[in-house]
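Here is how the chains run, residue by residue.
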Amino acid sequence: MAFLKKYNIKFNKEYPNSNEDMGFNMICRIYCRYLQSINPNIQYYLEYDIGIVLWTFDANSLTRKDNYAFFYKQNIGMSKHAIYAINHLLDHGVPIDFMQEDMAEIFVNLYAYYIGTLNQDKSTDDAFNGALEFYETILVPHSLNTDILTQKYNWLVGQLLTTGNMSFSWQLPRVGILDFLLMLDKAYQSNKLQEGVTND
């Protein structure tokens, strides 16, 4: 708790019940790694109480109701909490270059879920808009290292080829990741143009 209080690490209360643990854990993980890069002689870690969790299937749970609609819409939550985490870390002195791998990993996951909606024909707009928010807010003002992005993408394709599915049935992408970036940039530029017309 002292670690969390010292660095003001909290859950994002503005968007609860969808990937909020991801944003919180992302802040903790990156900040620990950053602090250790500054002082390698100090080990930063989080202590957890060990307990037993009894899991029971619930067809009406948040992640399963409405024919697993949450699963196909989680790009919005993932994007919002990743943005929250990255902005928190920037505000607390973590350089954007230190987070390049994390940014690439988030983007590749957003891309993968978008591809999943194409295959399942569900929530494609939600998946795209979640990725677009991350693109506009993080990737436009902060350049993403393309070599790192390529590494993360190659890892994803490797997983697709070796496992056949990851949580739901993904097929090989219909849209390459560079195509996806171009699609997002086109939507971003269109939004900017619309905002300009509205402001005029």
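About the cut-offs
Residues numbered from 1 in each chain as written. Predicted model: local features only at pLDDT ≥ 70, side-chain atom pairs only at ≥ 80, totals over all residues. Heavy atoms only, no water. Helix = DSSP H or I, 4+ residues; strand = E, 2+ residues; numbered from the N terminus. Contact = heavy atoms within 4.5 Å. Areas by Shrake-Rupley, 256 points an atom, 1.4 Å probe, with all protein chains shown as cover. Phe/Tyr/Trp six-rings, centres within 6.5 Å; stacked < 30°, edge-to-face > 60°. Buried < 20%, exposed > 50% of the residue type's maximum accessible area, 1.4 Å probe, protein only.

Q: Looking at this model, I keep getting lost on the overall build of the protein chain. Mind explaining?
A: A count of helical and extended segments in the protein chain gives 7 helices and 0 strands. Its helices and strands in sequence order give the protein chain the pattern α-α-α-α-α-α-α, from N to C terminus. For the protein chain, the proportion of contacts with a sequence separation of at least 24, taken over those separated by at least 6, is 78%. With an accessible surface of roughly 12,200 Å², the protein chain has 51% of that area assigned to carbon and sulfur atoms.

Q: Explanation requested: the packing of aromatic side chains in the structure shown.
A: For any two aromatic rings, the description comes down to two numbers: the centre-to-centre distance and the angle of the planes. All chains considered together, the criterion is met by 11 aromatic pairs. Pairing Tyr31 with Tyr34 gives two aromatic rings, centres 6.4 Å apart and planes at 40°, and the pair type is tilted. Of this pair, Tyr31 and Tyr34 both sit in helix 2 (residues 20–38), separated by 3 residues, roughly a single helical turn. Ring geometry for Tyr135 and Tyr188: centres 6.1 Å apart, planes at 75°, overall edge-to-face. A residue pair is termed long-range when its members are at least 10 positions apart, and Tyr135 in helix 5 (residues 124–139) and Tyr188 in helix 7 (residues 177–199) qualify at 53 residues. The burial state of Tyr135 is the same as that of Tyr188; both residues are buried. An aromatic cluster is present here, built from Phe107, Tyr111, Tyr114, Phe128, Tyr153 and Phe180 joined pairwise through their rings.

Q: Please clarify how unusual backbone geometry should be interpreted in this entry.
A: The backbone of Asn8 sits at a positive phi, close to 55°, despite the residue not being glycine. On the accessibility criterion, Asn8 (37% relative accessible area) is partly exposed.

Geometry only, nothing functional implied.
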